[in-house]
Each structure stands twice: as C-alpha cells, then as structure tokens.
Amino acid sequence: MKTHITKEMFKKILESTQTGRKKYVKISSAHLSGISYLNIGDAGLEFLEDLGRSGLRFRVRTTINPGCVDFDRVFECDPEVVEKQERIVRSLKNIGAKESLTCTPYLFDNPLRKNQKIAWAESSAVLYANSIIGASTNKEGSLTALASAILGYTTRTGIHLRNGRKPRIFFEYDGKLKNELDYGLLGYVMGLKAGAEIPYLRLKKNSGNIFYYKQLLAGFGTSGAAPMVWIENLTPGFLRVKKPLRKIVLDRSELEKERRNLSEEAPSSRDEKLVFITGCPHMSLEEIKGFQEALESVNRLSVEAWVFTSRSTYSEAFRKSLLTELFEKGVRVFKDSCVMHCSLKKGRVHVLTNSVKAAYYLRGALKLKTTLKSLNEFIEEYGGK
Ligand code: F3S
C-alpha cells in the first residue's frame, strides 16, 4: 500500500522531539544521512520514492551522504544494489537535493559560515561544522534532518539554546600526537568518556593540519553523542567560553588500548585479501595531495589501497593532476560511496585503515577484521622501493 506523505507528517516528526512549549529555529542548510541502500533497504527506498511523488520539495540547500556504490564502477557491485542505490539518489534529486554523495559536504558542496543555523545529520560533518567552522547544528537523525530540509526549520533544542554549546567536561592531553590516527584515537577515547556532554579540549601543542581534527571529530562522533568539541586555540569563540571544572587528563596508554581493541594481527593466510582503506570521512584535496607526495618515495604498493572521496573533490583533484601518481601506483579512488562499499560485503577482506570510525563500523556492520595503521605506517610497511 502506498503511503501519502504530507508536510504535516514532517511537522509531527519535529514536534515529537520536544516537550513543553514548541519552539523552532529557521535554517539555511540541511545535510541528509541514511542514503546507502545497504542501510535503509527496500523500506527506505519506497519511502523516498513516495516522498518524491508527494510533491514536497526541499526548502533549503540540501546535500546527501554517500551511498554504497561508485556510479563509475558499478560492475563491482551486485546489479540489484546498484539499481536500488540509483533510485534512492534519483528520488532525492527530484525533491531538490544536490547529488553530493559525500560526508564532507562542508568542503565543496554545502559550504558554511560561522553562526549559520543548519540541520545536518552525519555525525562527523556535524562535529566539523560546529567545532571548526562555528556553525550550529544538533546531531540530527536521518528523519529529523529530512523533516527540516522540507520545512526549512528545526527545533530550538540542544545546541540552539542559549546554554546549549556550553562545555561540561575538560580534557587535557599532554602526550605527543604523531599523525591522523593518533588524533582519531584521542577523539574516540574522549567520546567514550564524555557520553552526551560537550567537552573542552586542551592539547600540549595544536597541529597545523586541520584534517587531523577531522579524524579527531569523526572518532569522537563514533563513540560519543555530543554535537561538538571545543578545541582550544581552534574553535571559533573558544576564548570566551567558561572552562568546565571537571577535568580528565588523558594519556597515551588509553589511546593504545583502543588501538588494540580495534585491531587484529594482519593476516598471514592467502585466503584473506588485505586492503588499505582511507577516506573516512571522505578525503579532502589536501589529504589526497599528502598521499600523492608520500607515495613519491615508493615504486609500488604490495597491497591494494582504496581512497574514498566526494565526486566534487575527485573532479578537482583530477583537474589538478593529483590523481596521476595514485593511479600509477595502483591506488583505486572511489567517489559517491561510503567506505562501507557494496563489494566489501562479499569477499574475505582484512582492512587496514587510518580511520578509527571506519574500523569501528567495518567491524560492527560488515563483520570484517581490521587493523589500524596511519598512512605513513602503511606506506613504510607495504611500499616497495
Ligand atoms: Fe563517511 Fe562512511 Fe566514514 S559516511 S564518515 S565514509 S563511515
């Protein structure tokens, strides 16, 4: 039976997230998750097709998360999955979404400014928007972000309230953070301890590489529920914020413990294919350039490397010839897809990754074995001279 979808239904979805007097805030941008056919299945697909037929349209700039297929490499996936993933994207496009298919929409497809009120789903993008750019969004669910995109407003709760951005727990990390993986692990440990509370973070020395914080925030969003992290010397307005009294000093041993929890010995058996996966969240141009430069010192890689990025970043990287070196060394560059790519469902794959978030979900949802390795550790170990 077909569902007739109306605006009233979306109003009720937002209302159900509030108690007491209902208050709303106007938004100027939305970002939707729940795009992958592997996650939403036939029920989600039918709902989106019904929505497309309802005549409702998005009222604000709306981008979408990645699916599970690279539309230029459809032969790698089950044809039914490809067809259904295409229908999901088509439905969303018909309602007015930009076909961004990325979890880093802030880079090209849905740029933000400080203080902008938005309704974004996708935890890593929410954390980046609030903590690095200074925009305001709660960690929306797939349905509340969809409702806000259609209505043009969201509920005045959480981060949109006067005290909603206040940090409640102070983290200090005195040790050295060597690479993107260390930052991801620190974020993951903080999320485990902070739960739903917004933290304030002080590092001994801040990194000059903004994309290390992308990993920190993605790691934090994987284990924690808060929508932002105040990072000293980085988050807009950090000087004005009152530091929480409750303080936790973190050390290296906690990072190593979580690294072990998310890692298995790399396989010695030939039954398992070893693949290095990077780009969770999707790689930026600068990160692709960094990978390209790191590869200059090696002639070949002894295991496959897969890079995930957005189609906008891919086009830009291609135009700037940043992909040539990667292609020459046999690196495969995927776009439109999350690292939970359709082909990983089949084979016996052991994943090496520099992303804590990727390791967590590949283990949990796809039941794959994973080993955490930074990009440089991977190149040192598997790059031949
Ligand atoms: Fe993006 Fe998928 Fe990772 S949506 S953040 S590549 S789990």
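Each remark here, short or long, concerns the structure printed above.
First things first, this report covers the structure right here in the doc.

**A look at the overall build of the protein**
- Secondary structure summary: the protein contains 13 helices and 16 strands in total.
- Here the C-alpha atoms of the protein give a radius of gyration of 21 Å, agreeing with the 21 Å that 2.2 N^0.38 yields for 385 residues.
- Out of the 385 residues in the protein, the part that is buried amounts to 59%.
- Considering only contacts within the protein whose residues lie at least 6 apart along the sequence, 79% involve residues at least 24 apart.
- Carbon and sulfur atoms provide 49% of the accessible area of the protein, an area that totals close to 16900 Å².

**Brief notes about a positive patch on the surface**
- A surface patch of positive charge is lined by R21, K23, K117 and R156.
- The class of K117 is partly exposed, set by a relative accessible area of 32%.

**Considerations on helix α6 (residues 180-194)**
- For α6, with 15 residues, the first-to-last C-alpha span of 21 Å sits near the 21 Å given by 1.5 Å per residue.
- At the N-terminal end of α6, a side-chain oxygen is found 3.1 Å from the backbone nitrogen of L181, two or three residues along, and the residue is N179.

**Observations concerning the sheet that holds strand β10 (residues 273-283)**
- An order of β13-β12-β10-β14-β15 is seen for the 5 strands of this open sheet, with the pairing classed as parallel. The outermost strands of the open sheet, each flanked by one partner alone, are β13 (332-335) and β15 (369-372). Each strand of the sheet is rotated relative to its neighbour by a mean of 30°, with strand direction disregarded.
- Sheet topology places strand β14 (residues 349-353) next to β15; 4 bridges connect them, and they run parallel. The partner of V351 across the bridge, within β15, is T370.
- Packing against the sheet, helix α12 (residues 356-364) makes contact with β10, β14 and β15, and its axis sits at approximately 165° to β15.

**Brief notes about the site of the ligand**
- In the vicinity of the ligand, the contacting residues are P66, C103, E122, S124, G279, C280, P281, C338, V339 and K357.
- Broken down by element, the residue count for the shell around the ligand peaks at 3 residues, all from β10.
- When residues of the shell around the ligand are assigned to domains, at least three map to each of domain 1 (7-160) and domain 3 (273-384).

**Description of the state of the cysteines**
- Summed over the entire model, instances satisfying the criterion amount to 1 disulfide.
- Note on cysteine connectivity: C77 is disulfide-linked to C342, with sulfurs 1.6 Å apart. With C77 in the loop between β3 (61-64) and α3 (79-95) and C342 in the loop between β13 and β14, the pair connects residues that are 265 residues apart, well separated along the chain. There is no split in this pair, since C77 and C342 are both buried.
- For the unlinked cysteine C68, the closest cysteine sulfur is that of C342, found at 5.3 Å.

Definitions and cut-offs
- Residues numbered from 1 in each chain as written.
- Predicted model: local features only at pLDDT ≥ 70, side-chain atom pairs only at ≥ 80, totals over all residues.
- Heavy atoms only, no water.
- Helix = DSSP H or I, 4+ residues; strand = E, 2+ residues; numbered from the N terminus.
- Rg over C-alpha atoms; globule rule 2.2 N^0.38 Å.
- Buried < 20%, exposed > 50% of the residue type's maximum accessible area, 1.4 Å probe, protein only.
- Contact = heavy atoms within 4.5 Å.
- Areas by Shrake-Rupley, 256 points an atom, 1.4 Å probe, with all protein chains shown as cover.
- Patch = residues over 30% accessible without salt bridge, like charges linked within 9 Å, V, L, I, M, F, W, Y side chains within 5 Å.
- Salt bridge = Lys/Arg side-chain N within 4 Å of Asp/Glu carboxyl O.
- Lys, Arg positive; Asp, Glu negative; His and termini not counted.
- Charge placed at Lys NZ, Arg CZ, Asp CG, Glu CD.
- Expected span 1.5 Å × (residues − 1).
- Polar contact = N/O pair within 3.5 Å; in protein donor to acceptor, adjacent residues only side chain to side chain.
- Pairing = 2+ DSSP bridges.
- Axes fitted to C-alpha atoms, helices over the stretch in contact; angles between N-to-C directions.
- Near = heavy atom within 4 Å.
- Domains from an automatic or database assignment.
- Disulfide = S-S within 2.5 Å.

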